[in-house]
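So you can see what is in the structure, the chains are spelled out below.
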Amino acid sequence: MKLLNFGAKNFLGYRELELSLEKFEPIILIDGHNHDFTAASSNGAGKSTLAEAIAYTLFGKTIRNVEKRYGIDSIMHTGAKGGASVWLEAELPTGKLRIERYRQHPEFQNKILAWLDGEDVVRGRTAAETDDRLEQLLGFNYDLFCRAVVIHSRLTESFSTVENRYIKSITERLLGLRDFDGLRKFVKTQVDRCESEAGTAESKLTNVTVRLEELARELENLEEKTEEQLAFEKLN
């Protein structure tokens, strides 16, 4: 997935946010300045909220679990009127994806809207079904996003604290191998079949080679008999 642009309104610390990444290089350094507390430098300037906006748009969850810790409406900017909204556009192998997610919005309430190349192809009958379809379309889920995409000492859990089985699961999802064991068994079955067919073909080849050698000897004997017959006829 290539993130093209994203934005938010009345989301966490932002009244309004819009950031286009299409004209930037693949690696972008975002620095911040805290105008309220100058001693804090870039701390509290809203850099982490950019990642939160992306996470919430994709999965309806914040990385720091704000909605679980303080209530589902805590993602809305303090004192905001008209609800909160987030959106993003991304380029996928299957097309251009746009997602819009709302909270307490006067027109869209708490809806999730998504389009692929302008067509509404991922909306389910429920929000949960839409989220499941989005995950399938993206190829990764919230947990993989937090652990493999967002690298932050305070926002996400380190891989060193994760069990090996879970690392294996994350790696499989990261590589797009949703059923690694099933794929491994399938490949082994195909290899066994190919080896069996190769053995059968080798056996047939051996039989053909033996038969060719027999025919070559028969031909040689026939040529000798023919020469003897011609020599006998000349003498007579």
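Anything mentioned here points back to the structure above.
Residues numbered from 1 in each chain as written. Predicted model: local features only at pLDDT ≥ 70, side-chain atom pairs only at ≥ 80, totals over all residues. Heavy atoms only, no water.

(A) Structural view of the overall build of the protein chain. If you tally the helices and strands in the protein chain, you get six helices and five strands. Going from the N terminus to the C terminus, the protein chain shows its helices and strands as β-β-α-α-β-β-β-α-α-α-α. When the accessible surface of the protein chain is split by element, carbon and sulfur atoms take 53% of a total near 16,400 Å². (Helix = DSSP H or I, 4+ residues; strand = E, 2+ residues; numbered from the N terminus. Areas by Shrake-Rupley, 256 points an atom, 1.4 Å probe, with all protein chains shown as cover.)

(B) Quick peek at the pattern of salt bridges. If you walk through the whole model with that rule in mind, you get eleven salt bridges. Residue E89 is joined to R98 by a salt bridge in which the shortest nitrogen-to-oxygen separation is 2.9 Å. Residue R98 pairs with E100 through a salt bridge whose shortest N-O separation is 2.8 Å. Overall, the relative accessible area of 11% leaves E100 in the buried class. Put simply, E89, K96, R98 and E100 are held in one network by salt bridges that share partners. (Salt bridge = Lys/Arg side-chain N within 4 Å of Asp/Glu carboxyl O. Buried < 20%, exposed > 50% of the residue type's maximum accessible area, 1.4 Å probe, protein only.)

(C) Structural view of helix α3 (residues 127-138). The terminal C-alpha atoms of α3 lie 16 Å apart, and with twelve residues this matches the ideal 16 Å at 1.5 Å per residue to within 8%. Every buried residue belonging to α3 is among E129, T130, D131, L134 and L138, and all of these are buried. Where α3 terminates, the next one or two residues include G139, which has phi positive at roughly 90 degrees. (Expected span 1.5 Å × (residues − 1).)

(D) Region of the structure containing the pairing of strand β3 (residues 84-92). Of all nine residues that make up β3, eight are buried, and the element is covered over most of its length. Where strand β1 (residues 2-11) meets β3, seven bridges bridge the pair, whose relative direction is antiparallel. Directly across from K9, in β3, lies its bridge partner S85. Judged from the nine bridges that link them, β3 and strand β4 (residues 95-103) form a sheet pairing that is antiparallel. (Pairing = 2+ DSSP bridges.)

(E) Expanded view of the pairing of β1. β1 sits mainly inside the fold: eight of its ten residues count as buried. With six bridges joining them, β1 and strand β2 (residues 14-20) adopt antiparallel strand pairing. By the bridge assignment for β2, N5 is matched with S20. Linking β1 back to β2 in an antiparallel pair, the connection comprises two residues, with L12 at a positive phi of about 50 degrees.

(F) Representation of the packing of aromatic side chains. Within this structure, the stated rule accounts for six aromatic pairs. A centroid spacing of 5.6 Å and a plane angle of 40 degrees characterise the contact between F11 and Y56, whose relative ring orientation is tilted. Taken together, the residues span a long stretch of sequence, with F11 in strand β1 and Y56 in helix α1 (residues 47-59) at a distance of 45 residues. Centre to centre, the rings of F59 and F140 are 6.0 Å apart; their planes meet at 70 degrees, and the pair counts as edge-to-face. Here F140 lies in the loop between α3 and α4 (142-149) and F59 lies in helix α1, a separation of 81 residues in the sequence. Here F59 falls in the buried class, since its relative accessible area comes to 6%. By relative accessible area, F140 is classed as buried at 16%. (Phe/Tyr/Trp six-rings, centres within 6.5 Å; stacked < 30°, edge-to-face > 60°.)

(G) Quick look at a nonpolar patch on the surface. Taken together, the side chains of L183, F186, V187 and V191 define a hydrophobic patch exposed on the protein surface, amounting to about 340 Å² of accessible area. Along the chain, the position of V191 falls in helix α6 (residues 180-235). Classification of V191 by relative accessible area gives partly exposed; the value is 39%. (Patch = residues over 30% accessible without salt bridge, like charges linked within 9 Å, V, L, I, M, F, W, Y side chains within 5 Å.)

(H) Here's a closer look at α1. For α1, which comprises 13 residues, the first-to-last C-alpha distance of 19 Å matches the rise-based estimate of 18 Å (1.5 Å per residue) to within 8%. Extensive coverage of α1 is indicated by the burial of eleven of its 13 residues. Buried residues of α1: T49, L50, A51, E52, A53, I54, A55, Y56, T57, L58 and F59, and no others. Just downstream of α1 lies G60, where phi reads positive at about 70 degrees.

(I) Quick look at the nonpolar core. In this structure, F6, F11, L58, L88, I99 and F145 are the most contacted members of the largest nonpolar core, which totals 38 residues. Mapped by element, the contributors of at least two residues to this core are β1, β2, α1, β3, β4, β5 (112-116), α3 and α4. Residues within four places of F145 in sequence aside, it is in contact with I54, A55, L58, F59, I63, F140 and V150. (Core = buried A, V, L, I, M, F, W, Y, C linked by side-chain atoms within 4.5 Å. Contact = heavy atoms within 4.5 Å.)

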